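Next come the chains, spelled out residue by residue.
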Amino acid sequence: MSARTSTVRPRWTWLDAALIAVVVIFFGFLFWRAGSVFSYKWNWSSVLPFIYRFDADAGKWVPNLLMEGLLTTIRLALWGILFAGVIGIVMGLARTSKRLFFRLIGTFYVMLIRNIPPVVFVFVFVFFIASQIMPTLALGDRVQALPPQAQQWISVFFGSPKLIDNFLLGLIALSVFSGAYVTEIVRAGIESVPRSQIEAGDSLGFSKRDVMRFVVLPQAMRNVLPPMAGQLIQLIKDSSLVSLVSIQELTFMAQDVQVSTQRVFEVFVLIAAIYFVICFSLSQLFGYLERRYARASR
Amino acid sequence: MASRANPPEAMNVNSDARSRPPPRAIAWHRSTWFETIQFAVLMTLLLLLILKGANSMGYQWKWDKVPQYIYRVIDGELIWGPLMKGLFVTLDIAWWAGLIAMAIGLVAALLRLSGSIVGSAISWSYVELIRNTPILVQMLIFYFIIAAVLGIPRQWAGILCLAFYEGAFTAEIIRGGIVAVRKGQREAAQSLGFSGFYMYRDIILPQAVPLMLPPLGGIIVNLVKHSSIVSVIAVFDLTTQARTVVSDTFMAFEIWLTAAAMYLVLTITLSIGVAWLERRYRTA
């Protein structure tokens, strides 16, 4: 039986007409005020060159600010979910451990991150890492000392070598932040495996560690994948927060472009549309995959 | 059936204590107090590491200067410092945004549940729009475009943006709660002559609301957390005040740790309340 979201069969009523009228009036009012009181002149063509520009010297289309910001966002999201996944699995195992020591560590980590506002966390963590760890690692200098071939490779996966310090800062902050949520997902996944599985493994002679490795974790990982997909989408959205500490991702670039062109509306609506398209299509894709695999496993 | 997990003795509650196996002694190095001590040692080591790092970059700790930013007593009168004032603004924002978010969520949920095609479409597109864009981008659009065009003052722009953001999640929670009430209840109500408003008031909502309360409590915690986003439009909440004080005094560590601690106290208190709610309304 399919789940019906509405409890009544949809049909056109006076309410529809009233709502359409309300929406039209509201947006009409908005545009009228924007035009008259604000005297805003629409100019989309001034914003589009910031996505791709034609470089006369190179003779081809080169990504401009917004495109580079978008690529940074995608890199942050993909690497971020990877590292957050690793942190999450480790901490998730800690939270479901039999030893209180590990449980305390896991719980402390999750409680801390989940109860601090994301903005505050980003400021504190980035300040801390930028002042302490980054100078010691000095990755920026090391990467720039590598041969050009390696640098080319790195620029595909991590972005321009000049900005690699910046990128890693945002990446670590996002990974640690998302790791707390992944921990909860992993914990729920592990706890969702029925006790009878563990008991069956025990009775077959598996050691505690082998039970975890061959019985619990494979089943837990299957339960973990759908929420992880949701967490990837959440990570793409959270990556916009690191723009507050000058990490050069999409939202930061957008504010850059907005300040220099004064095209407030076009720029922000454009990046909102970009985020929307990415996140919405991903969530539809994951929903489709979920449904497909649910059917297949029956 | 007796098995390793269910020793035969345990199934007989009145069995003699002698016939039950003695409780297995826990090794001292696995006992609760030792594990707790290990944890405390680990935390202390981490703290020392942080302190060492701070000292190595020549950071001067000035913890004694922090309380003046929280409160001051002048001539026997208590004056709140900037951090406390920011906290009051944060609470104010969260309170108003919460109320408006509940209202928006209720309206959106009802629109979606009604049979209206346009209403359903409006509600669905509102929720999907909010859920698939970052809150920072929403705040920027709200402040620079919507509030500027409609002439909404700064703090209310922040409150409204927050309310619309959490309202989308509230709408999903309310809708989920109402849909979770079994269809048979609705049919029984209709067969007894209940209809529309009375059906909702007497049959559906009393069953739906206990389901909704724990997630709604979670929304309130999220409100307090996300209220810090208003600092990007320079509303003087706790985060903005912390940034201001840090830029004035350069006591970055102390002030940020204090601000984070204030947020933690707030959210953990609210989380405990939510956990209590969850326990109270747990559908066994």
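## Points about the overall build of chain A
Reasoning step 1: A count of helices and strands for chain A gives 11 helices and two strands.
Reasoning step 2: In chain A, the succession of helices and strands from N to C terminus is α-β-β-α-α-α-α-α-α-α-α-α-α.
Reasoning step 3: For chain A, buried positions account for 33% of its 298 residues.
Reasoning step 4: Taking contacts inside chain A between residues at least 6 apart in sequence as the whole, the part at least 24 apart equals 71%.

## Describing the overall build of chain B
Reasoning step 1: Counting its regular elements, chain B contains 10 helices and two strands.
Reasoning step 2: Going from the N terminus to the C terminus, chain B shows its helices and strands as α-α-β-β-α-α-α-α-α-α-α-α.
Reasoning step 3: In terms of overall size, chain B is more extended than a compact globule, its C-alpha atoms giving a radius of gyration of 27 Å where 284 residues would be expected to give roughly 19 Å.
Reasoning step 4: Considering only C-alpha atoms, chain B reaches an extent of 70 × 70 × 40 Å along its principal axes.
Reasoning step 5: Across the 284 residues of chain B, 33% fall into the buried class.
Reasoning step 6: Put simply, 71% of the contacts in chain B that link residues at least 6 apart link residues at least 24 apart.

## A closer look at the interface of chain A and chain B
Many analyses report the size of an interface as the accessible area lost when the parts associate.
Reasoning step 1: In this assembly, 51 residues from chain A lie in contact with 52 residues from chain B.
Reasoning step 2: Counting only elements with at least two residues in the side of chain A that touches chain B, the list comes to helix 1 (14-36), helix 3 (100-115), helix 4 (118-137), helix 8 (195-203) and helix 11 (264-296) of chain A.
Reasoning step 3: With nine residues, helix 11 of chain A is the largest single contributor of residues to the side of chain A that touches chain B.
Reasoning step 4: In the side of chain A that touches chain B, the residues fall into 33 nonpolar, 11 polar and seven charged.

## A few points about the nonpolar core
Reasoning step 1: Val-122, Phe-268 and Ile-271 of chain A together with Met-139 and Ala-259 of chain B are the most contacted members of the largest nonpolar core, which totals 122 residues.
Reasoning step 2: Not counting residues within four places of it along the chain, the set of residues in contact with Ile-271 of chain A comprises Leu-250, Thr-251 and Ala-254 of chain A together with Val-137 of chain B.

## What about the packing of helix 1 of chain A against helix 4 (residues 117-131) of chain B?
Reasoning step 1: The contact between helix 1 of chain A and helix 4 of chain B brings their axes to 7 Å, and the two run at 45 degrees. In terms of axis orientation, helix 1 of chain A runs oblique to helix 4 of chain B. Here Leu-15, Asp-16, Leu-19, Ile-20 and Val-23 of chain A of helix 1 of chain A come into contact with helix 4 of chain B, specifically with Ile-117, Val-118, Gly-119 and Ile-122 of chain B.
Reasoning step 2: For the contact of helix 1 of chain A with helix 4 of chain B, the residue count by class is seven nonpolar, one polar and one charged.

## Some details on the packing of helix 3 of chain A against helix 2 (residues 32-56) of chain B
Reasoning step 1: Between helix 3 of chain A and helix 2 of chain B, the shortest axis-to-axis distance is 8 Å and the interhelical angle comes to 45 degrees. When the interaxial angle is binned, helix 3 of chain A and helix 2 of chain B end up oblique. Crossing geometry of helix 3 of chain A relative to helix 2 of chain B is assigned as right-handed. Contacts between helix 3 of chain A and helix 2 of chain B involve Leu-100, Phe-101, Leu-104 and Ile-105 of chain A from the former and Thr-32, Glu-35, Thr-36, Gln-38 and Phe-39 of chain B from the latter.
Reasoning step 2: Counted by class, the contact of helix 3 of chain A with helix 2 of chain B contains five nonpolar, three polar and one charged residues.

## Quick word on the environment of Ile-79 of chain B
Residues and elements named next belong to chain B.
Reasoning step 1: Looking at the element boundaries, Ile-79 is found in strand 2 (residues 77-80).
Reasoning step 2: According to the C-beta neighbour criterion, Ile-79 is exposed, with 12 such atoms within 10 Å.
Reasoning step 3: Measuring from C-alpha to C-alpha, the distance between Ile-79 and Tyr-69 comes to 10.0 Å, with 10 residues separating the pair along the chain.

## Side note on the confidence of the model for chain B
Residue and element names in this part refer to chain B.
Reasoning step 1: In the predicted model, chain B carries a mean pLDDT of 84, and 91% of its residues have values of at least 70.
Reasoning step 2: Of all the helices and strands in chain B, helix 1 (residues 8-11) carries the lowest mean pLDDT, 53, while helix 6 (residues 154-180) carries the highest, 93.
Reasoning step 3: Scored as a whole, the predicted complex attains pTM 0.85, and scored at its interfaces, ipTM 0.86.

## Considering unusual backbone geometry
For residues that are not glycine, phi is negative in most cases, and the peptide bond is trans in most cases.
Reasoning step 1: Backbone geometry at Ser-246 of chain A places phi at a positive 65 degrees, although glycine is not the residue there.
Reasoning step 2: Relative to the assigned elements, Ser-246 of chain A resides in the loop between helix 9 (208-238) and helix 10 (250-261).
Reasoning step 3: Despite not being glycine, Ala-234 of chain B shows a phi value in the positive range, around 60 degrees.
Reasoning step 4: Residue Ala-234 of chain B is classed as partly exposed on the basis of its C-beta count, with 13 C-beta atoms lying within 10 Å.

## What about helix 3 of chain A?
Reasoning step 1: Here helix 3 of chain A contains 16 residues, and its C-alpha end-to-end distance of 22 Å stays within 8% of the 22 Å for a straight helix at 1.5 Å per residue.
Reasoning step 2: Listed in full, the buried residues belonging to helix 3 of chain A are Leu-104, Ile-105, Gly-106, Val-110 and Asn-115 of chain A.
Reasoning step 3: On the buried face of helix 3 of chain A, the contacting elements are helix 2 (65-95) and helix 7 (164-192) of chain A together with helix 2 and helix 10 (252-280) of chain B.

## Some remarks on the confidence of the model for chain A
Any residue range with low pLDDT should be treated as having predicted coordinates unsuitable for detailed reading.
Reasoning step 1: Predicted confidence across chain A gives a mean pLDDT of 83, with 84% of residues reaching 70 or more.
Reasoning step 2: Within the model, pLDDT remains below 50 along residues 1-6 of chain A, and this stretch shows six contacts once partners closer than five positions in the same chain are excluded.

## A look at the environment of Phe-268 of chain A
Reasoning step 1: Secondary-structure assignment places Phe-268 of chain A in helix 11.
Reasoning step 2: Taking the C-alpha atoms as reference points, Phe-268 of chain A and Asp-16 of chain A, separated by 252 residues in sequence, lie 31 Å from one another.
Reasoning step 3: Excluding residues that lie within four positions of it along the chain, Phe-268 of chain A makes contacts with Ala-254 and Gln-258 of chain A together with Val-137, Leu-140, Ile-141, Phe-144 and Ile-145 of chain B.

## A few points about the environment of Asn-166 of chain A
Residue and element names in this part refer to chain A.
Reasoning step 1: Within the secondary structure layout, Asn-166 lies in helix 7.
Reasoning step 2: Spatially, the C-alpha atom of Asn-166 lies 8.1 Å from that of Ser-246, the residues being 80 residues apart in sequence.
Reasoning step 3: If near-sequence neighbours (up to four positions away) are discounted, Asn-166 is found in contact with Ile-247 and Gln-248.

Reading guide: rules and limits
Residues numbered from 1 in each chain as written. Chains lettered and ligands numbered in written order. Predicted model: local features only at pLDDT ≥ 70, side-chain atom pairs only at ≥ 80, totals over all residues. Helix = DSSP H or I, 4+ residues; strand = E, 2+ residues; numbered from the N terminus. Buried ≥ 20, exposed ≤ 12 C-beta atoms within 10 Å, placed from the backbone. Contact = placed C-beta atoms within 7 Å. Rg over C-alpha atoms; globule rule 2.2 N^0.38 Å. Nonpolar A, V, L, I, M, F, W, Y, C, P; charged D, E, K, R; others polar. Core = buried A, V, L, I, M, F, W, Y, C linked by C-beta atoms within 7 Å. Axes fitted to C-alpha atoms, helices over the stretch in contact; angles between N-to-C directions. Parallel < 35°, antiparallel > 145°, perpendicular 65-115°, else oblique. Left-handed = near helix turned anticlockwise from the far one by under 90°. pLDDT = per-residue confidence, 0-100. Expected span 1.5 Å × (residues − 1).

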